[in-house]
Amino acid sequence: MLNPTIVFDLDGTLVDTAPDLVTSLNHTIATADLAPVGYEDLTHLVGQGARAMIARAFALRGASLAEEDLQPLLDRFIAHYMAGMPGESRPYPGLVDALERLRKAGFRLAVCTNKMESLAVPLIEKLGLAHHFSAIAGGDTFAVRKPDPGHIIATIERAGGDPQIAVMVGDSVNDILAARNAGIPSIVVPFGYSDIPIAELGADRQIDHFDELTPALLQELMRK
């Protein structure tokens, strides 16, 4: 059997970005005198990119946000986030060993995230992870984004893989739903930012640590 392309989500799957997302978001919404958000709010805010995160933060605080005011806030967020990158963001335990293990076994690796590509790529580069991936696709790379299955499919094709021979690894409903709609097996991790219990997401398999992400597990999923 050919080795599949392994597609990873970024925030909450590859990298714990929560501290820096919260810091930059609070820096942004402070201009509107909104109360800061905390990590406990993050699961309700992330998943559809920075623009949506800002809008959701305003909604969370019961504040109105005019469309014409959103772009300046987004620009403020991006400037702050990039200036501090990588900040406190770190790969999850066991990730680097897992990526090296899979690459040595002949797997093609890719990233499919709803984070803007202009934020995702430098973050991955600054964390020293970029050389592992054949493609990094953000939420603005294509015309669609997760949970649209086309986002995953286009990412796999950009990586030089076959969409029929792939596995998605993620932490949220966007990841698992996109994989299911694309006909791709999925693996869920529990240490991310899902606002839905991961047991309810319907992934094909759960791993609790990246030590469990082995070639044998991936080949088993592809045989089902």
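Computed from a predicted model, the values in this text were never measured in an experiment. (Residues numbered from 1 in each chain as written. Predicted model: local features only at pLDDT ≥ 70, side-chain atom pairs only at ≥ 80, totals over all residues. Heavy atoms only, no water.)

Enquirer: Would you mind going over the packing of helix 3 (residues 50–60) against helix 4 (residues 67–84) with me for this structure?
Expert: Between two packed helices, what matters for the description is the angle formed by their axes and the separation of those axes. The N-to-C vectors of helix 3 and helix 4 enclose an angle of 115°; their axes lie 10 Å apart at closest approach. Relative to helix 4, the crossing made by helix 3 is right-handed. For the pair helix 3 and helix 4, contact is made by Ala 50, Arg 51, Met 53, Ile 54 and Phe 58 and by Glu 67, Leu 70, Gln 71, Leu 73, Leu 74 and Phe 77, respectively. Across the contact of helix 3 with helix 4, the residue classes tally to eight nonpolar, one polar and two charged. (Axes fitted to C-alpha atoms, helices over the stretch in contact; angles between N-to-C directions. Helix = DSSP H or I, 4+ residues; strand = E, 2+ residues; numbered from the N terminus. Left-handed = near helix turned anticlockwise from the far one by under 90°. Contact = heavy atoms within 4.5 Å. Nonpolar A, V, L, I, M, F, W, Y, C, P; charged D, E, K, R; others polar.)

Enquirer: Help me understand the packing of aromatic side chains in this model?
Expert: Note on aromatic pairs: each is described by the distance of the centres and the angle between the planes. If you walk through the whole model with that rule in mind, you get five aromatic pairs. When the centroid spacing of 4.4 Å and the interplanar angle of 35° are considered together, the rings of Tyr 92 and Phe 191 count as tilted. Taken together, the residues span a long stretch of sequence, with Tyr 92 in the loop between strand 3 (90–91) and helix 5 (95–104) and Phe 191 in the loop between strand 7 (186–188) and strand 8 (205–206) at a distance of 99 residues. For Tyr 92, a relative accessible area of 8% gives the class buried. For the pair Phe 191 and Phe 210, a centre-to-centre distance of 5.6 Å together with 55° between the ring planes defines the contact as tilted. One end of the pair, Phe 191, is in the loop between strand 7 and strand 8; the other, Phe 210, is in the loop between strand 8 and helix 9 (215–223), and 19 residues separate them in sequence. Looking at Phe 191, the relative accessible area reads 22%, which means it is partly exposed. Linked through ring pairs, Tyr 92, Phe 191 and Phe 210 together constitute an aromatic cluster. (Phe/Tyr/Trp six-rings, centres within 6.5 Å; stacked < 30°, edge-to-face > 60°. Buried < 20%, exposed > 50% of the residue type's maximum accessible area, 1.4 Å probe, protein only.)

Enquirer: How should the pairing of strand 1 (residues 5–8) be read in this particular structure?
Expert: Strand residues, when the strand is regular, have side chains that alternate between the two faces of the sheet. Alternating positions in strand 1 separate into two faces, Thr 5 and Val 7 on one and Ile 6 and Phe 8 on the other, with burial throughout. Pairing between strand 1 and strand 4 (residues 108–112): four bridges, direction parallel. In the strand pairing of strand 4, Thr 5 is matched with Arg 108. As defined by bridge partners, strand 1 adjoins strand 6 (residues 166–170) across four bridges and the pair is classed as parallel. (Pairing = 2+ DSSP bridges.)

Enquirer: Would you take a moment to explain the sheet that holds strand 7 for this structure?
Expert: Adjacent strands of a sheet pair through backbone hydrogen bonds, lying either parallel or antiparallel. Taken in spatial order, the six strands make up an open sheet running 5-4-1-6-7-8, and their pairing is parallel. The sheet terminates laterally at strand 5 (135–137) and strand 8, the two strands that pair on one side only.

Enquirer: Before we go on, may I ask you to explain the nonpolar core in this structure?
Expert: The tendency in soluble globular proteins is for nonpolar side chains to be buried as a group. Membership of the largest hydrophobic core comes to 56 residues, with the highest contact counts inside it found for Phe 8, Leu 25, Phe 77, Phe 133, Ile 187 and Phe 210. Of the residues forming this core, the biggest block, six residues, is contributed by helix 4. Ignoring anything within four residues of it in the chain, the contact list for Leu 25 reads Val 37, Leu 45, Met 53, Ile 54, Ala 57 and Phe 77. Grouped together as the second largest cluster of nonpolar side chains are 10 residues, Cys 112, Ile 156, Met 168 and Ala 178 included. (Core = buried A, V, L, I, M, F, W, Y, C linked by side-chain atoms within 4.5 Å.)

Remember, this is a structural readout, not a statement about activity or role.
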